[in-house]
Amino acid sequence: MTPLDGITTDPDIFLDGVNCKKLHPGIHEAIVQSLDCFRNGLYMPATAMLAAATEATWTECGTAVATKLGIAALENLFADSYASISRKVADLSTALDQQNGRALLKSAGLSIAKVREAEVWTGVLRDRRNALHWTKAKSFIADHSETATLLIAAPLHIGTLEAIRLC
């Protein structure tokens, strides 16, 4: 039995259901690197690369939503490289929970509940990635099962954000 039993490391199979042809190449590459790290037992780097892919996915989605809904403040937020990803996620989620945002979600075949699920998963992932910071280094030790759980959920949540971006 290998540490990989139960999870594929082929990124295209892994992302089955996510429109990979439209997925930003940098996001795809971060997922490839995350899966490569996971396959080699490098769980913290796998988590860090998955977090990078996820943050980029939220950013791409948020930029598209801000443009589609004509929300200048949201456009400015997503253009601000100094704004925190947690604020970007929260503000995008709030925008999608408004009337125009819900209409956009409906056109994507989604509900605000799916966005909230992606938001919670992203928060967990961000907390795990933050163990890279020196002051948090002792708060979390990346292991196989925790990293696999985060990876297994990734296509669902990245797919949600991509569906919103592309609608």
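Residues numbered from 1 in each chain as written. Predicted model: local features only at pLDDT ≥ 70, side-chain atom pairs only at ≥ 80, totals over all residues. Heavy atoms only, no water.

### What to know about the overall build of the chain
Stated formally: Here a helix means four or more residues in a row that DSSP labels H or I, a strand means two or more in a row labelled E, and each is numbered from the N terminus. Only protein chains enter the calculation, and the probe is 1.4 Å; a residue is then buried if its accessible area is under 20% of its type maximum, exposed if over 50%, and partly exposed in between. The criterion used for residue contact is that any of the two residues' heavy atoms lie within 4.5 Å. Surface accessibility in these figures is a Shrake-Rupley result with a 1.4 Å probe; residues are shielded only by whichever protein chains are displayed.
Helix and strand counts for the chain come out as eight helices and zero strands. In sequence order, the secondary structure elements of the chain are arranged as α-α-α-α-α-α-α-α. Put simply, the chain has 167 residues, and 44% of those count as buried. For the chain, long-range pairs separated by at least 24 residues make up 67% of all intrachain contacts whose partners lie at least 6 apart in sequence. Entry remark: accessible area of the chain is about 8,600 Å², with carbon and sulfur atoms responsible for 55%.

### Remarks on the pattern of salt bridges
Note that side chains of opposite charge can pair when their charged atoms are close. For clarity, the cut-off: Salt bridge, as applied in this entry: a Lys or Arg side-chain nitrogen positioned within 4 Å of an Asp or Glu carboxyl oxygen.
In this structure the tally under the stated criterion is nine salt bridges. With a closest N to O distance of 2.5 Å, E55 and R129 form a salt bridge. Placement of the pair is E55 in helix α3 (residues 43-69) and R129 in helix α7 (residues 112-129), with a sequence separation of 74 residues. Relative accessible area serves as the criterion here: at 23%, E55 is assigned to the partly exposed category. With relative accessibility at 17%, the residue R129 sits in the buried group. Two residues, R87 and D91, come together in a salt bridge whose shortest N-O distance is 3.5 Å. In this pair, R87 and D91 are both assigned in helix α5 (residues 85-96), four residues apart and thus about one turn of the helix distant.

### What about the side chain of N130?
As a reminder of what qualifies: The definition of a polar contact used here is a pair of N or O atoms within 3.5 Å, where within protein one atom must be able to donate a hydrogen and the other to accept one, and adjacent residues in sequence count solely through side-chain atom pairs.
Summarising the element assignment, N130 is placed in the loop between α7 and α8 (144-166). Exposure remark for N130: the relative accessible area of 16% places this residue in the buried category. Here R129 takes part through its side chain, which lies 2.8 Å from a polar atom of the side chain of N130.

### What about the environment of L151?
The residue L151 is located in helix α8 in this model. For the pair L151 and L35, spaced 116 residues apart in sequence, the C-alpha separation works out to 8.2 Å.

### Focus on α3
This is how it is decided: A helix is expected to span 1.5 Å multiplied by its residue count minus one.
Relative to the 39 Å expected for 27 residues at 1.5 Å per residue, α3 spans 38 Å between its end C-alpha atoms, a close match to the ideal helical length. Positive phi shows up at G70, right after α3, with a value of about 65°.

### Thoughts on the nonpolar core
Going by this rule: In this text, buried Ala, Val, Leu, Ile, Met, Phe, Trp, Tyr and Cys residues form a nonpolar core when linked through side-chain atoms within 4.5 Å.
Formed by 22 residues in total, the largest nonpolar core has its most connected members in I31, F38, L50, W121 and L125. Secondary structure elements with two or more residues in this core: α2 (25-39), α3, α7 and α8. Within the second largest apolar cluster, 20 residues are counted, among which are W58, L74, L96 and L105.

### Observations concerning the packing of α3 against α5
The description of two packed helices rests on the angle between their axes and on the distance between the axes. Selection rule: Note on geometry: axes are lines fitted to C-alpha atoms, helical ones only across the stretch in contact, with angles between N-to-C directions running from 0 to 180 degrees. Roughly parallel refers to an angle under 35 degrees, roughly antiparallel to one over 145, roughly perpendicular to one between 65 and 115, and oblique to any angle outside these ranges. Left-handed describes a crossing whose near helix is turned anticlockwise from the far helix through less than a right angle; right-handed describes the clockwise counterpart.
The geometry of α3 relative to α5 is characterised by a closest axis approach of 10 Å and an angle of 40° between their N-to-C directions. With respect to each other, α3 and α5 are oriented oblique. α3 and α5 meet at a crossing whose hand is left-handed. Residues E55, W58, T59, C61, G62, V65 and L69 of α3 form the contact with α5, whose own contacting residues are I85, V89, L92, A95 and L96.

### What to know about the confidence of the model for the chain
Spelled out, the test is: The pLDDT value expresses, per residue, how confident the predictor is, ranging between 0 and 100.
Per-chain confidence: the chain averages 88 in pLDDT, with 83% of residues scoring 70 or above. Confidence scores differ between elements of the chain, with helix α1 (residues 11-14) showing the lowest mean pLDDT of 65 and α5 the highest of 98.

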